[in-house]
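# Fold and geometry: a report
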Number of protein chains: 2
Amino acid sequence: MTRALELAARGPAHGPNPRVGCVLLGPPPGATLPDGAAPGSIDPHPRPVLAEGWHRGAGTPHAEAAALADARARGVDVAGATAVVTLEPCAHTGRTGPCADALVAAGVAEVVLGVDDPNPVATGGAHRLRAAGVRVVRGLRAAEGEELLRVWLAAVRRGTPYVTLKTATTLDGYVAAADGTSRWITGPAAREHAHRVRAEVDAIVVGTGTLLADDPELTARVRGHGPSHVAAHEAASAVRLAEHQPLRVVVGLRGVPPAARVRGEGGELVHVLTRDVGEVLERLAEREVRHVLVEGGPTLATAFLAAGAVDELHAYVAPVLLGSGRRAVDGFGVATIADAHRFRTVEVRRVGDDALVVSRKSTEGRVG
Amino acid sequence: MTRALELAARGPAHGPNPRVGCVLLGPPPGATLPDGAAPGSIDPHPRPVLAEGWHRGAGTPHAEAAALADARARGVDVAGATAVVTLEPCAHTGRTGPCADALVAAGVAEVVLGVDDPNPVATGGAHRLRAAGVRVVRGLRAAEGEELLRVWLAAVRRGTPYVTLKTATTLDGYVAAADGTSRWITGPAAREHAHRVRAEVDAIVVGTGTLLADDPELTARVRGHGPSHVAAHEAASAVRLAEHQPLRVVVGLRGVPPAARVRGEGGELVHVLTRDVGEVLERLAEREVRHVLVEGGPTLATAFLAAGAVDELHAYVAPVLLGSGRRAVDGFGVATIADAHRFRTVEVRRVGDDALVVSRKSTEGRVG
């Protein structure tokens, strides 16, 4: 399972599908597989790895299918093998066929799985395997599997995307001075970090106010060389568009100007004509968006907080005091300290000259 | 000098005097001291340590005197020895006699010093030593010596105390909700850390507004056992008053109520009847206060920031959003981002569930 989890982590953090790894194990060396009896899941003898696979993103084979393909490529027979997989094999036909059936067809004798599949359209794989006479062991290192799939599981269980709110403020909570000037409060290291986060989410959301005021590109840009092409205006600084570009989602009733930079090279542009947070999330869920990054401005951030829709908070804080200006979030109806939106700190780190505080909703993301 | 710096660091961080360490070295083993010639400061042979000393705080012997006393206690003759001392030996009689004279009287042949003494009343030690025929080498590992004495040097060079402003806020910069409730925004680990800082400063300053609203004790309390006595109301929780209690300074024109907790067990109470930050600092400088911790409230913190009098910022930030309420600092006349009070981050760390961002005035505290 350690290896399966390692393989799973190679998959992309973004996308509609979970990161899954699968290892196919043969019988212990020297042992002959007992007739009809499945090999025990607790086994003192290390078993040979026959094949392995992981899911590389929507439209590509699932981890189990990838491992079976790997076995075929190696010319290995997997009849009687044990499949160790980080997530319950699916039982439905989506972009690919049901993995449970593929494992049965290949003659796999036992499946050891980590996390049960919460996806209502895909669940039932374990049942299907058992019905076909395959031994199934569930829950092996499920806590680690859940942590790896934390965002995806939260989104799939709830049916709406996991929401990360990003703020970049002074120590006293401002995003701009009284006259609206704001470049730059946080430093280049914080901005670079934020771009790496963008490259791992499915969608970036801003309000029309921010769109009209700042004319952002809403792309994920990364430093250094890679297979991506150079963004024309930044060619000189060796900053390139990341390979994965999240959806660019604009929320609000005002229009997106024809010359807006958000219409340039980058992810697909989606304009959700509403001010209702629930409606935004439903529209994005329909597009199989699992992870949304809310980048502002204050009106939109406040709306998401007021709706209790923020799962995770990425607060970049600069060692700057303004004393007045435009606040990152403003007035979501908290009158007394007991009603404050309290998060649970996950990480505090220095990013250049700024601090990054990552925290999560106290009741979200608990695993194990 | 490494050993001398180690010894210096044993001294208290608070108090009017600097932390200084002194090591007395004999001639290299086997070598006879050349007649009249001072031993070279660059010496391939390790020299025997004859004695050592450090300053334990105002009213106790200076490091050089402590080292000479250590030599006497050991029955060692220090004639012809080299004194390695982290700060230039003083040339004045304060609570103790001039160290330069004591070194000359003891027959020390050479003094290697780290940092020049900036104290206008104490400087001149190197000159006095040279006049008496002692060889003087200056500036050995001065950068490390300056770092150890950073706060003290800044205060003595400028003639007013070094000011650390402490804030404890939500991520959006509030110290209390709209109805005034605030207990607790930051957690117990942050409060405990703040008490350790209190035990290292000379004075804690609050405004009369905070005094009347919160009725704080303004003591330094620490966990666990020690030579200090138990604060009566906290006996049960094994929290005790720290050995060193800073001055308790109340700033403002309103009176301190007779029953105020700030009048209870703890540091001396000083009421400065002014609203002028410069006057507060002058009054404290007269009392040889080197390090002031400004704890609030918002009016006082804002006054110190507006006066440009904050050298260091300790911002405890809780993973909480309020959206409205009472702000830690408010409106010190910054209209545009270029005029923001920008600090330089020294440290970002997690303290319990909170973040602590330590930053310093960009032009202050630069050493080396």
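Throughout this description, residue numbers start from 1 for each chain and increase along the sequence as written. Chains and ligands are labelled by the order in which they are written, letters from A for the one and numbers from 1 for the other. In keeping with the predicted nature of the model, local features appear solely for residues at pLDDT of at least 70, side-chain atom pairs appear and are counted solely at 80 or more, and the whole-chain, interface and lining totals rest on all residues. The side-chain values count all of the structure's non-hydrogen atoms but skip hydrogen atoms and water molecules.

Here we come to empty space enclosed by the protein. Here a cavity denotes grid points, spaced 1 Å and computed from the protein atoms alone, that fit a 1.4 Å probe unable to get out, and a pocket denotes an open set having protein on both sides within 12 Å along at least 5 of 7 lines; residues with an atom within 4 Å of a point are the lining. Grid points are joined across faces, edges and corners, and a volume is the space filled by probe spheres set on the points. In the structure shown here, the tally under the stated rule is 3 cavities of 30 Å³ or more. As a volume, the largest cavity reaches approximately 80 Å³. Lining the largest cavity, in full, are Leu 171, Asp 172 and Leu 321 of chain A together with Thr 167, Thr 169, Gly 173, Leu 313, Ala 315, Val 317, Ala 328 and Val 329 of chain B. Elements represented by at least two residues in the lining of the largest cavity include exactly strand 6 (162-170) and strand 14 (312-318) of chain B. Segments assigned H or I by DSSP are reported as helices when at least four residues long, segments assigned E as strands when at least two residues long, and all are numbered from the N terminus. At 3 residues, strand 14 of chain B tops the list of elements feeding residues into the lining of the largest cavity. Surrounding the second largest cavity, Thr 167, Thr 169, Gly 173, Ala 315, Ala 328 and Val 329 of chain A together with Leu 171, Asp 172 and Leu 321 of chain B form its lining. Classifying every residue of the lining of the second largest cavity by side-chain character gives 5 nonpolar, 3 polar and 1 charged. Side-chain classes follow a simple rule in which Ala, Val, Leu, Ile, Met, Phe, Trp, Tyr, Cys and Pro form the nonpolar group, Asp, Glu, Lys and Arg form the charged group, and the remainder, Gly included, forms the polar group.

The next point concerns the UniProt feature "active site" (unreviewed entry) in chain A. Residues and elements named next belong to chain A. UniProt positions are given in the numbering used here, feature names are shortened, and annotations may be inferred rather than shown by experiment. Mapped onto the present numbering, the UniProt feature "active site" (unreviewed entry) falls at Glu 64. Relative to the elements of secondary structure, Glu 64 occurs in helix 2 (residues 63-74). By definition in these notes, contact holds between two residues if any of their heavy atoms fall within 4.5 Å. With residues up to four places along the chain from it excluded, the contact list for Glu 64 reads Cys 22, Val 85, Leu 87, Pro 89, Cys 90, Cys 99 and Leu 103.

With that settled, the discussion passes to the sheet that holds strand 18 (residues 354-361) of chain B. Strand order in the open sheet formed by 9 strands is 15(A)-17(B)-18(B)-14(B)-6(B)-13(B)-8(B)-11(B)-12(B), with mixed pairing between adjacent strands. Strands at the two margins of the open sheet, each flanked by one partner only, are strand 15 (320-321) of chain A together with strand 12 (269-272) of chain B. Each axis is a line fitted through C-alpha atoms, and for a helix only the stretch in contact is used; angles between axes span 0 to 180 degrees, taken between their N-to-C directions. Helix 6 (residues 150-158) of chain B rests against strand 6, strand 13 (291-296), strand 14 and strand 18 of chain B of the sheet, and its axis sits at about 125° to strand 6 of chain B. The strands touched by helix 7 (residues 188-198) of chain B are strand 6, strand 8 (203-207), strand 13, strand 14, strand 17 (341-351) and strand 18 of chain B; relative to strand 14 of chain B, the strand with the most contacts, the crossing angle is about 165°. Each pair of strands is called paired provided DSSP finds at least two bridges between the two strands.

What follows concerns the relation of the copies chain B and chain A. Only residues with pLDDT of at least 70 in both copies contribute their C-alpha atoms to the least-squares superposition of the copies. For the pair chain B and chain A, the superposition axis carries a translation of 0.0 Å, the fit reaches an RMSD of 0.1 Å, and the rotation angle comes to 180°. Accordingly, the operation relating the two chain copies is best matched by a two-fold axis. It is Gly 173 of chain B whose C-alpha, among those of chain B, lies nearest the rotation axis, at 2.4 Å. Both copies contact each other with a shared surface, as 100% of the interface residues of chain B are interface residues in chain A too.

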